[in-house]
Amino acid sequence: MSEVVVVARRREERLRDVPVAASVVDSELVNARGGVTDPEKLLQGIPGVRYVNTVSPTTAETSIRASGTSRGTFAESAIGLYRDGVYVGGGLLGGRNFARADLFDIDRAEVLRGTQSALYGRNAVGGAINILTKRPQFEQSGYLDAKYGFGNEQYQVQGAFNTNLGDSVAVRIGGQLFDQKSGYFRNRSRNEYFDIEKGHIGRAQIQFRNENIAINALIENQVSNLPALNWQLAIPAGGSWPRGYVSEKRTYDWSSPSLAKQQINSAILSVDYELGSVKIVSTTSYRNRLTKNAFDQDSLDKSTYDSLRANGTLVGVIDFSTAQRSQDDVDTLYQDIHILGDYSDTFKWLTGAELLNLKSDYQQDNARTPTTSNPSRGTRQPANQEIKSYAVYGSFDFKLTESLGIGAEARFADDTKDFYSERFDLSTGLSAGPRYRIEGSRQSQNFTYNLTASYRAGGWLSYAKVGTAYRTGGFNRDLGDPRAPRPVIPSFGDEYATTYEVGAKGNLMRGVYLEGAAYRTETEDLLVQLDNGCSLITPACPVAATPFMINAGKGESWGLEAFLNAVANVGDGRVRLSLGGSRQGGKVTSGPFKGASFPQVPDWVGSANLNYRIPFREGADLVANLAYRAQWGGVQEIAGTPRLSDYQQVDARIAMDFGRWEAAIFANNATNSTYVNFASATVKRWSQPRLYGLQLRYQWR
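Residues numbered from 1 in each chain as written. Predicted model: local features only at pLDDT ≥ 70, side-chain atom pairs only at ≥ 80, totals over all residues. Heavy atoms only, no water.

(A) Summary view of the sheet that holds strand β18 (residues 251-252). With mixed pairing, the three strands of this open sheet are ordered in space as β14-β13-β18. A single partner strand is all that each edge strand has here, and the edge strands are β14 (192-193) and β18. Both strand β13 (residues 186-187) and β18 contribute to a ladder of two bridges, which runs parallel. The residue of β18 that forms the bridge with Asn-187 is Tyr-252. (Pairing = 2+ DSSP bridges. Helix = DSSP H or I, 4+ residues; strand = E, 2+ residues; numbered from the N terminus.)

Here it is in structure tokens:
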């Protein structure tokens, strides 16, 4: 089994030597799955990691170890999102998720579970993920890959070309083009599909390298249409009103379009300079992300609305033809520089500094059809947020003996967040009044640390760790309807977490690697998402709910994780098997929700990946890959309802590998197992059904 080298602690070291719960998804596994275009497929198989799918990637979110989610609010993700060492999170739309470009032509993804604020800074409460792009190599190589899905008439063509320009300079140029003619979720009224994906990704890199220095420059552009928000309208029967309307499972009648668009422009400059036993690493990045969303708030067209009015299903003051349009234009400037060194392989140290400046220019329009009683065309609500974060950090590892070691990591961070939001009438341009104006500034200073003791014996590494982390507070952009049963508060504070963890990793036998961990996390000022209680079926407030964040008191979460990776020769073939699983839970221990379970935390998460390669004939191998993922238990919201859906899904792929050429057939969700991703009082969001297709790949070296 080849050794996996990672930069999880901002220095190169073997994965088995890192005394933290860490996992790697390498390019071999990515290729065996036929490539990935979303974080869910990339991260499946890693214990304690869950992709909170809200149907559209612009609002979806990844969670690690019961870390909270924030979805449609202005709060930030509870995990650190990094690409090539650069922080890529932040903002309302698309800021809690990796973009499609981040997943193109990757070398590997490194996932650190547990508090990581000491080295990775703000918001790494549940952990941190760093996706590493393939860099230019000093060789002639590349690939072309074409994929077609029959169920949605989707095609994707991608490739990369790598060459060296002499002994010191290499370049790598890559791109991806994708389009889709149909889909699984259809707006029948407008003859459109909600889950269309089309666009392109372009990337160029150049690297200069000599004995002491390596400089890599990357520029990148993504322009894409992404799957848009959609849901099945399901108004429950009973109650004082006549109700009971349920639309079809995947075909809806919406009068307004639903769309999601994203454009990203990135530039990253990385410099590695070696000076004897000392290495200096600098990473500079600029990233602009423009994300747009639109959807039909009432989820009806005119004929359906009139019919439901006539038969008494819809009563009261409910606007028809209301639509929401929003966009978030985010500029992020990031700079990190750190120095690391070794002393006789006994003492390793690191010190660094980091700067983050993030500006978010957001606007949301809630448009409506004017009526005689209400001539307004709706409201416009801009919001501006600027984050300025400065930090210094450092770490050391010291070998007390050949077997026993200790380590410490620490960071001091200063975060300032300035915020402004106000609501205006779309018709008159006038302000809606002081209730709908939110303006403020909040600053926080945090010291975070990780302390680790490790012991090596018999090829095994055991460790114990205590660490802290924080998630920055902020502002709730929208105070919602004044009739709401649950008032929205204008701001919320930082969340703090302390984790205690023990773990071990090593080889059970030749070719069988096992790692396991157990943890308990104590959280103060726990951040949770609520809504203001409005809905189509709320008599006092029959409008769409407004989500917001609050600090809910103290909480405790815990978990057990295990991961096994085995490689063996079976007959004439080679088998690679990965098994992952976690048991986790969490309870609020103080405040108004005392005793409630942590939301978005399944009781059990399991996964498996089986890859089998066997010679078929001379010059050709048969390669089969099965990827399984499942979850059971847990609740969606802090109030305990609804329950999260249990599910089990399998992706299958069979390929013939002729060396340079590979031809494959695949079936995503091969068993056609669908479930409700998200639900509320009146809607259900369904997962994707089965997709099967063909893939052809050519590579040279």
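There's more to say after this.
(B) Up close: the pairing of strand β22 (residues 347-367). The sheet contact formed by strand β21 (residues 323-343) and β22 spans 21 bridges and is antiparallel. When the sheet's bridge partners are listed, Asp-331 is paired in β22 with Lys-359.

(C) Representation of the sheet that holds strand β9 (residues 127-133). The sheet built from five strands is open, its strands ordered β3-β8-β9-β6-β7 with mixed pairing. Lying at the two open borders of the sheet, with one neighbouring strand each, are β3 (21-26) and β7 (86-87). One ladder, built from two bridges, connects strand β6 (residues 79-83) with β7; its direction is antiparallel. Residue pairing for β7: Arg-83 is matched across the bridge by Val-86.

(D) Representation of unusual backbone geometry in the model. Its identity as a non-glycine residue notwithstanding, Asn-123 has a phi of 75°, on the positive side. With a relative accessible area of 0%, Asn-123 lands in the buried category. The phi torsion at Asn-669 lies on the positive side, around 55°, for a residue other than glycine. Within the secondary structure, Asn-669 is located in the loop between β39 (661-668) and β40 (676-679). (Buried < 20%, exposed > 50% of the residue type's maximum accessible area, 1.4 Å probe, protein only.)

(E) Representation of the environment of Gly-35 in the model. Inspection of the secondary structure assignment puts Gly-35 in the loop between α1 (27-32) and α2 (39-43). We classify Gly-35 as partly exposed; its relative accessible area is 26%. The sequence separation of Gly-35 and Ser-454 amounts to 419 residues, and the corresponding C-alpha distance is 36 Å. Residues in contact with Gly-35, not counting those within four places in the same chain, are Val-30 and Lys-147. (Contact = heavy atoms within 4.5 Å.)

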